[in-house]
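# Architecture at a glance
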Amino acid sequence: QVQLVESGGRLVQTGDSLTLACAASGQILSSYHMAWFRQAPGKEREFLAALQWRNYRRYYADSVKGRFTISRVAAENTVYLQMNNLKPDDTADYYCAVDINYDGSYSRPKDYEWWGQGTQVTVSS
């Protein structure tokens, strides 16, 4: 069992940067993928970025590539999402998730078995 706790969400202004953290408790095996998603009101959950714990291979949605960076500190079992040049459209609840049975797909919410409770990011114009 894996428990995830996100933190770092807050109100920011357009153009600001913000880093979210996701602390995982329980054993994170090298085969796991960890990812960040977001969900805005009235919209579906959207994939942002993922990384494979073992080899640190990282994947990004086209919509955030170049602005968002996913990283991890293995010793802390923590995954981060660095977000730059934030825009009002980035306003959403941000979630981290763990996929323990990677089957080649990493961008669908149903690929992930464990989820955090989310942290809210609001970008004012």
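Refer to the structure printed above.
The notes below deal with the structure included here. For every chain, the first residue of its written sequence is number 1, and the numbers climb from 1 along that sequence. Residue-level local features of this predicted model are given only where pLDDT is at least 70; pairs of side-chain atoms are given and counted only at 80 or more, and the full residue set underlies all totals for whole chains, interfaces and linings. Just so you know, side-chain values use all the structure's heavy atoms and leave hydrogens and water out.

On a plain count of helices and strands, the protein chain comes out with zero helices and 11 strands. Secondary structure elements are taken from DSSP: a helix is a run of H or I of four residues or more, a strand is a run of E of two residues or more, and numbering for both begins at the N terminus. Mapped in sequence order, the helices and strands of the protein chain form the string β-β-β-β-β-β-β-β-β-β-β. The globule rule is 2.2 Å times the number of residues to the power 0.38, and the radius of gyration it is compared with is taken over C-alpha atoms. Its C-alpha atoms give the protein chain a radius of gyration of 13 Å, within 12% of the compact-globule value 14 Å for 125 residues. Only protein chains enter the calculation, and the probe is 1.4 Å; a residue is then buried if its accessible area is under 20% of its type maximum, exposed if over 50%, and partly exposed in between. Out of the 125 residues in the protein chain, the part that is buried amounts to 42%. Note on contacts: a residue pair is in contact if any heavy atoms of the two residues lie within 4.5 Å. A separation threshold of at least 6 residues defines the contact pool for the protein chain, and within that pool the share at least 24 residues apart is 55%. Accessible surface computed for the protein chain: about 6,400 Å², of which carbon and sulfur atoms make up 44%. The positive charge centre, built from 13 side chains, and the negative charge centre, built from 13, are 5 Å apart in the protein chain. For the area figures, the Shrake-Rupley method with a 1.4 Å probe applies, and any residue is considered shielded solely by the protein chains shown. Charge assignment in this entry is limited to Lys and Arg as positive and Asp and Glu as negative, and neither His nor the chain termini are counted. In this description, the location of a charge corresponds to atom NZ of lysine, CZ of arginine, CG of aspartate or CD of glutamate.

Now for the state of the cysteines. In plain terms, two cysteine sulfur atoms within 2.5 Å form what is called a disulfide here. Scanning the entire structure with this criterion turns up one disulfide. For Cys22, the disulfide goes to Cys96, at an S-S distance of 1.9 Å. Every disulfide takes its handedness from the sign of the S-S torsion; for Cys22 and Cys96 that torsion is 55°, giving right-handed. Here Cys96 lies in strand 9 (residues 92-99) and Cys22 lies in strand 3 (residues 18-25), a separation of 74 residues in the sequence. Comparing Cys22 with Cys96 shows no difference in burial state: the two are buried.

Right, let's get into the packing of aromatic side chains. We call Phe, Tyr and Trp rings a pair once their centres come within 6.5 Å, taking the six-membered ring for Trp, and we label the pair stacked below 30 degrees between planes, edge-to-face above 60, and tilted otherwise. Under the defined criterion, the tally for this structure stands at seven aromatic pairs. Their ring planes at 70° and their centres at 5.6 Å tell us that Phe37 and Phe47 sit as a pair that is edge-to-face. Taken together, the positions of Phe37 in strand 4 (residues 33-39) and Phe47 in strand 5 (residues 46-52) put the pair 10 residues apart, joining distant regions of the chain. Per residue, the accessibility class of Phe37 equals that of Phe47, and both read buried. Members of the aromatic cluster, joined through ring pairs, are Phe37, Phe47, Tyr59, Tyr95, Tyr106, Tyr112 and Trp115.

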